[in-house]
Amino acid sequence: MELIWDGIREAARLWWAGDAEIIEITLRTLAISSAATAIALLIGIPLGAVLALRRFWGRGLIVAAVNTGMGMPPVVVGLIVALILWRTGPLGDLNLIYTPTAMVVAQLLLSLPLVVGFSLASIQSVNPRLIGQMWAMGANRLQVLWLLIRETRLGLLAAVMAGFGAAISEVGASMQVGGNLAGETRVLTTATVLETGRGNFEVAIALSLVLVVLAFLVNLVLTGVQQRRFVS
Amino acid sequence: MNSPSDTHLQVRDLIIQRGGVNVLKIDALDLPRGLVTVIIGPNGSGKSTLLAALQLVLHPSRGTLTLDGQPMDADPVKTRRRMSAAFQEPLLLSMSVQANVELPLRLRGVDRQARRESAEHWLERFGITELARRHARQLSGGEAQRVSLARAFASQPEVLLLDEPFAGVDAPTREGLIEDFAEIVSEARPTTVLVTHDRDEALRLGDYAVLLIGGRVRQTAAPADIFERPADRAVAEFVGMENVWEGRRSESGVYRAGGVRLASTARSIALGAPALLCVRPERITLTHTTDSAGNEFRAVVRAIRPRGPVVRAELTSSRLELTADVPVTVWHDLGLTIGDEAIARIAPADLHVIEVSD
C-alpha cells in the first residue's frame with residue numbers, strides 16, 4: 001500500500017515540478033496519436049459512407065475485414081508493420097522503422113477499422129429517404145457527404161473517441177515499430193512499461209496518470225461536443 | 001391544356017424494372033407547365049416510382065425524361081436544382097427550422113442574407129414564422145410538414161415534386177394545410193406533380209390528372225373527368241364507381257342493363273353495341289315517390305351499411321344490383337329496412353357510358 005502512496009506522491013511532485021521528460025513524452029504521445037486518428041478519420045469516414053450507401057461486389061468481404069480489424073490484437077498489427085518497414089522488408093528503403101512515422105502507421109491501422117465500423121453503423125442508421133431528400137434538394141456528392149456527417153455527428157464522434165482511444169492506449173505495436181527510443185519514439189504507454197520493468201513505480205504511476213487524465217480530457221471535450229444541442 | 005407548346009416535363013418510352021419486371025412503362029406523358037398534375041392510382045401502381053424517376057433517383061432501363069426539351073439526366077445535380085420535393089414524411093434535418101428552410105439555397109451557394117430573407121418569406125407564407133428558431137425535432141407532425149413545404153418552395157423551383165405530402169397529417173391540420181398550399185401554389189405556379197391516393201385532394205388541387213394502374217397510364221384528363229367519366233372498368237373500379245353494369249344501347253341515348261331501361265346524356269355509341277354503364281353511389285337517389293324526370297326503377301334493399309355521414313345501401317332491381325350512398329338524415333326520413341322497396345333515381349347526366357368491344 002505504501003508503495004502505491006509513495007508512487008502517487010512522487011507522481012504529484014513530478015507533475016508539479018513540470019518534469020521535462022514527462023512533458024516531452026506527453027506531447028509526443030499526443031502528436032502521434034492525434035496524427036493517426038486524424039488520418040483514420042480522413043480515410044475512415046468516407047470509406048464508412050461508401051460501405052453504408054453503396055452495394056458492390058466484395059462489399060461483404062470488406063465489411064467482414066473491418067469488423068475483424070476492430071478486434072485486431074495490437075501486437076499482430078505491430079508485427080505486420082514491423083515486417084513491412086523492416087530494413088530488409090518491402091518498404092525497408094524508406095527507413096521508417098523505429099521512427100514516430102512508423103508508430104503513426106501502426107496506430108492508424110489499429111484505429112482505422114474502428115472509425116470505419118462506427119461510421120458505417122451510424123450512416124447506415126440514417127433514414128434512406130432522408131438521403132433521397134438531400135439529393136432532391138440539389139446536393140452534389142460532397143454536399144451529401146457533408147450533410148450525412150452533420151446528421152450522424154453523434155455516432156461519428158463516437159468513432160473519433162474510439163479511434164483516438166485505440167491509438168493512445170496501445171503499447172505493443174508502438175514498442176515493436178517505435179522501439180521505445182528515449183527522446184525519439186518513447187510515448188506514455190511504452191515509457192510506463194519500461195519504468196515498471198525497472199521498478200520505478202513512482203514514474204510509472206505518474207506516466208499512467210498523465211495517460212488517463214489525457215484520455216479523459218480528450219473524451220470530455222468530445223463528449224461535450226457530442227451532447228451539445230445544435231441550435232443554429 | 002396539354003398542348004406541346006406548354007409542356008414542361010416530358011416522358012417518352014419510359015421503362016423502369018425491378019427484379020426484371022416492368023414496374024413502370026409509359027409510352028408518352030406530357031406534364032403541363034405551371035399547373036398541378038395529380039398522379040393517382042392504387043397501391044403499387046407506380047406513382048411513387050414515376051416521381052422517383054422524375055427526381056432522377058431511379059435509373060430507367062429505357063426511355064427519356066426531358067425538362068424544357070433537354071434531357072434531365074445530362075447533369076442530374078443541375079436538373080435537381082431546378083426542382084424540389086416534399087414527401088409524406090417531412091424529412092427534416094437535425095437543425096433549426098430556419099436552417100432547414102435555408103438549406104436548399106445554401107446548397108446552391110446563395111449568400112446568407114438572401115437565404116435568410118427567402119426563408120423568412122416562406123415561413124411567413126406557411127404561417128410558421130414563430131417556429132423559425134425551434135429545432136426540427138421539437139415540431140408536431142403538422143408543423144414539420146409545413147416546414148417541409150416551406151423548404152420546398154424556398155428555392156423557387158420550376159418543378160415541385162410531391163409524394164402524398166398531406167397523408168401523414170391528422171384531419172383538421174390537413175384541412176388547413178391543403179387550403180394554404182392551394183393558395184400558395186396558385187400564386188407561385190410551379191409545375192407541380194402531386195402523387196395522391198385521396199380523391200378530394202386530387203379534385204381540389206389538381207388541374208390535370210394522370211391515372212396509373214399496373215405501372216401504365218390508363219387515363220389522363222381533368223381530375224373530375226376521371227372520377228366522373230372513367231375510361232375503362234379498371235379505372236371505374238379504382239375511382240369508386242361502385243355501379244358498373246354491362247348493357248347495350250337499345251335506342252338513341254337509351255341503354256338496357258339487367259332488364260332495366262336507362263337513359264344517358266353521354267356521347268352515344270352504335271345501336272346494339274355493348275357498353276359498361278357506370279354511376280357513382282352518391283349519384284343514386286332513393287325515394288318513395290316517382291318523378292317524371294330521369295331514370296327511375298323499383299329496387300329492394302338487401303343490405304345497409306352505415307359509413308359515417310352516409311348510409312351505404314345495396315339494392316336489387318330485376319337483375320341489376322346497385323349501391324347507393326344516402327346522407328344519414330335522408331336515410332332516417334326514408335325509414336327503409338332490409339326487404340323494403342324503394343324507388344331508385346339516376347339523372348341521365350350521371351350515367352356514364354363506356355364503350356366496350358364484343
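Note: the structure precedes this text.
In what follows, the accompanying structure is described. Quantities reported herein were computed from a predicted structural model and do not represent experimental measurements.

From N to C terminus, chain A includes eleven helices and zero strands. Along its sequence from the N terminus, chain A presents helices and strands in the succession α-α-α-α-α-α-α-α-α-α-α. Each of the three principal axes of chain A carries a C-alpha extent, and together these read 65 × 50 × 25 Å. Each of the 232 residues in chain A was classed as buried or not, and the buried ones make up 44%. In chain A, the share of contacts with a sequence separation of at least 24, taken over all contacts with a separation of at least 6, comes to 74%. Of the roughly 11800 Å² of accessible surface on chain A, a fraction of 71% belongs to carbon and sulfur atoms. Of the charged side chains in chain A, 15 are positive and 12 negative, and the gap between their average positions amounts to 22 Å.

Our focus in this paragraph is the overall build of chain B. Assigned secondary structure in chain B consists of ten helices and 20 strands. In terms of overall dimensions, chain B has C-alpha extents of about 70 × 45 × 35 Å along its principal axes. Split into buried and exposed, the 358 residues of chain B put 52% on the buried side. Sequence-distant contacts, at least 24 apart, represent 67% of the contacts inside chain B between residues at least 6 apart. Carbon and sulfur atoms make up 47% of the accessible area of chain B, which totals about 15900 Å². Taking the average location of the 43 positive side-chain charges in chain B and that of its 47 negative ones, the two points are 4 Å from each other.

Between chain B and chain A, the contact holds 27 residues from the first and 22 residues from the second. In terms of surface lost to chain A, no three residues of chain B exceed B:Leu91, B:Leu93 and B:Leu107, which account for 27% of the buried area on that side. At the surface where chain B touches chain A, the tally comes to one salt bridge. In this structure, B:Glu89 engages A:Arg129 in a salt bridge whose closest nitrogen and oxygen atoms are separated by 2.3 Å. Counting the contacts that link chain B with chain A gives eight residue pairs in polar contact (both at pLDDT 80 or more). Those elements that place two or more of their residues in the side of chain B that touches chain A are helix H2 (76-80), strand E6 (83-86) and helix H3 (97-107) of chain B. The residue inventory of the side of chain B that touches chain A, partitioned by class, reads 14 nonpolar, six polar and seven charged.

Residue and element names in this part refer to chain A. Packing of helix H1 (residues 2-17) against helix H11 (residues 201-227) leaves a shortest axis separation of 7 Å and a crossing angle of 65°. Classified by the interaxial angle, the pair formed by H1 and H11 is roughly perpendicular. Crossing of H1 against H11: the hand is right-handed. Counting all contacts with H1, which are made through Leu 3, Ile 4, Asp 6, Gly 7, Ile 8, Glu 10, Ala 11, Leu 14 and Trp 15, the residues of H11 involved are Phe 201, Glu 202, Val 203, Ile 205, Ala 206, Leu 209, Val 210 and Val 213.

Because an α-helix completes one turn every 3.6 residues, residues spaced three or four positions apart along the sequence face the same direction. Residues and elements named next belong to chain A. Where helix H3 (residues 59-69) is concerned, the buried positions are Arg 59, Val 63, Val 66 and Gly 69. Taken around the axis of H3, the buried residues stretch over an arc of 120°, which confines them to a single face. In this structure, H3 carries Leu 61 and Thr 68 as exposed residues pointing more than 90 degrees from its buried face.

Residue and element names in this part refer to chain B. Reading across from one edge, E15-E19-E16-E17-E18 is the order of the five strands in this open sheet, with antiparallel pairing throughout. Edge positions in the open sheet fall to strand E15 (285-287) and strand E18 (320-327), since each of these has one partner strand only. The mean angle between the axes of side-by-side strands here comes to 45°, regardless of whether they run parallel or antiparallel. Strand direction decides the pairing type here: strand E17 (residues 310-317) and E18, joined by eight bridges, are antiparallel. In the strand pairing of E18, Thr 316 is matched with Glu 321.

Further remarks concern unusual backbone geometry. Trans peptide bonds make up the majority, and among non-glycine residues the majority have a negative phi. Positive phi outside glycine occurs at A:Tyr98, with the angle close to 65°. Taking relative accessible area as the criterion, A:Tyr98 reaches 28% and is therefore assigned partly exposed. Within the chain, B:Arg189 stands out as a residue other than glycine whose phi angle is a positive 50°. Take B:Arg189: it is sitting in the loop between helix H6 (171-188) and strand E8 (191-195).

Let's shift gears to the packing of helix H7 (residues 141-151) of chain A against H3(B). Taken N-terminus to C-terminus, the directions of H7(A) and H3(B) make an angle of 150°; their axes are 12 Å apart at the nearest point. Judged on the interaxial angle alone, H3(B) and H7(A) are roughly antiparallel. In the crossing of H7(A) with H3(B), the sense of the turn from one axis to the other is right-handed. Residue-level inspection shows A:Gln143, A:Trp146 and A:Leu147 of H7(A) in contact with H3(B), the latter providing B:Leu103, B:Arg106 and B:Leu107.

Rules behind the numbers
Residues numbered from 1 in each chain as written. Chains lettered and ligands numbered in written order. Predicted model: local features only at pLDDT ≥ 70, side-chain atom pairs only at ≥ 80, totals over all residues. Heavy atoms only, no water. Helix = DSSP H or I, 4+ residues; strand = E, 2+ residues; numbered from the N terminus. Buried < 20%, exposed > 50% of the residue type's maximum accessible area, 1.4 Å probe, protein only. Contact = heavy atoms within 4.5 Å. Areas by Shrake-Rupley, 256 points an atom, 1.4 Å probe, with all protein chains shown as cover. Lys, Arg positive; Asp, Glu negative; His and termini not counted. Charge placed at Lys NZ, Arg CZ, Asp CG, Glu CD. Buried area = accessible area lost by both parts, 1.4 Å probe. Salt bridge = Lys/Arg side-chain N within 4 Å of Asp/Glu carboxyl O. Polar contact = N/O pair within 3.5 Å; in protein donor to acceptor, adjacent residues only side chain to side chain. Nonpolar A, V, L, I, M, F, W, Y, C, P; charged D, E, K, R; others polar. Axes fitted to C-alpha atoms, helices over the stretch in contact; angles between N-to-C directions. Parallel < 35°, antiparallel > 145°, perpendicular 65-115°, else oblique. Left-handed = near helix turned anticlockwise from the far one by under 90°. Arc of directions from axis to C-beta. Pairing = 2+ DSSP bridges.

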